[in-house]
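Observations on chain architecture
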Amino acid sequence: DNRQVCSQIAEETIYHYIRIINNKGRFPRYIKFLQIITKPQGRPISRNQEIVLKGFIERAPESLELYNDEKSKQKRRELIAAEEHIRDPEGVINYHISLIDLLTMVVEGKNSGTITKCQKLIDLSDLLEHFTENKLPIFIKLSFARFFFHCYIQTEVAILAEEMGTLVDILESFIPILEECSKYPNDKNYQNFVIEISHIIEVFFSITIISIPQLYIKPLLFLNLAKAFASCLTVFEFDGAETKESFKLAINSIVESKVNFEINHSIFPSLDSIKVKENGSGEQKTKSKEEILLSALILFSSKFDSAMGLDQGRMKSLEFYELVKIFADSSPEKTAKIERTAS
């Protein structure tokens, strides 16, 4: 893992290893070498990123085990069902995971040249299918989540207008996965998936979402994603202040983005009159948009504060007041009514 040596490695040596993969077998140990020279000491080398990707695309395209078509997906399902990834550490499934991780390293650092090529190898529709495949293990979805973040979210390469809907669908697909994660608080793979999603959420809601047309934004996406994310924070024990800070940034980006869209695009018209069942009775009562948003905010802030080690159900009074004012359309009368309800 010597960065200076890795930066000087001959191009032909890199191609030689790729030929070995193509001719002698697809083993994770060969991918490991390519990972080390692509990202030594945790920092990618752009020259090597481009050489590695070029080597696979031009000299060994059949070695790109990506399982993007239905026939290959069925093969992957059978291998997973047979627990091939457990029985054989140097098997096909572990090679597949190592390859996705390598492609992630190839696009890290906002390398626009490799990002454009990798987006052709694994497009948003492919990613959506991987994320929505129910029986795909979380450790494989984790690798795809990392790839998604570096190739599509933390990038300066613009996403085409016709792909915006799929991008939002992927974000929505995280909701059931996060709900599943909350059921396995002691599993490191589920925990790491939640951490990865926090990075995606932070950048998506603070930067990416600005370029997405209103018609692709689904009214309940913000609240459902926030609720699913919060449910994970209450059951996992995450290590380190840095991780907790990442969660706080993710939470803030969701709330601030929802606020911006509420004011600028009125994305919650369907919430103006929603019938909900009252506890203990079969009667339905119509709740106003403000009441529904406030209830969601109180529930969300309660769970988040609990997870972050703060007093149960508390939010900083000024922050809470400002959010309530915005949710009430900055109307003093509505704000006063909501504050009375909250108290």
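This text goes with the structure placed above it.
To keep things clear, this report deals only with the structure shown in the data block. (Residues numbered from 1 in each chain as written. Predicted model: local features only at pLDDT ≥ 70, side-chain atom pairs only at ≥ 80, totals over all residues. Heavy atoms only, no water.)

Description of the side chain of T166
The criterion, for reference: A run of DSSP states H or I qualifies as a helix once it reaches four residues; a run of E qualifies as a strand once it reaches two. Both are numbered from the N-terminal end. The contact rule is simple, with two residues in contact once any of their heavy atoms fall within 4.5 Å.
Counting through the fold element by element, T166 comes out in helix α11 (residues 164-181). Those residues in contact with T166 that lie beyond four places of it in its chain are L124, S125 and L128.

A look at the packing of aromatic side chains
We apply this condition: Two rings from Phe, Tyr or Trp (for Trp, the six-membered ring) form a pair when their centres sit within 6.5 Å of each other. Planes less than 30 degrees apart are called stacked, planes more than 60 degrees apart edge-to-face, and all others tilted. Buried means the residue's accessible area, taken with a 1.4 Å probe over protein chains only, is under 20% of the maximum for its type, while exposed means over 50%, and partly exposed covers the values in between. Whether a charge sits over a ring depends on NZ of Lys or CZ of Arg being within 6 Å of the ring centre and within 35 degrees of the ring normal.
Within this structure, the stated rule accounts for nine aromatic pairs. An angle of 10° between the planes, with centres 4.6 Å apart, marks the rings of Y184 and Y190 as stacked. Note on Y184: relative accessible area 39%, which makes it partly exposed. What makes Y190 buried here is its relative accessible area of 9%. With a centroid separation of 5.1 Å and 75° between ring planes, the pair formed by F204 and F205 is classed as edge-to-face. The exposure class of F204 is buried, given its relative accessible area of 1%. For F205, a relative accessible area of 3% puts it in the buried group. The ring of Y15 carries the charged tip of R59 above its face, separated from the ring centre by 3.8 Å.

Examining the pattern of salt bridges
In a structure, side chains of opposite charge can pair up when their charged atoms sit close to one another. Here is the rule we go by: For salt bridges, the criterion is a side-chain nitrogen of Lys or Arg within 4 Å of an Asp or Glu carboxyl oxygen.
Here the structure, examined in full by the defined rule, presents nine salt bridges. R77 is paired through a salt bridge with E70; the nearest N and O atoms lie 2.9 Å apart. Taking the relative accessible area as the measure of exposure, R77 reaches 29% and is therefore partly exposed. In this structure E70 comes out as partly exposed when scored by relative accessible area, which is 48%. Taking the shortest distance from any N to any O, the salt bridge between E133 and R77 comes out at 3.0 Å. With a gap of 56 residues between them, E133 in the loop between α9 (124-132) and α10 (138-153) and R77 in helix α5 (residues 70-81) connect regions that are remote in the sequence. It is possible to trace a salt-bridge network through shared partners that takes in E70, R76, R77 and E133.

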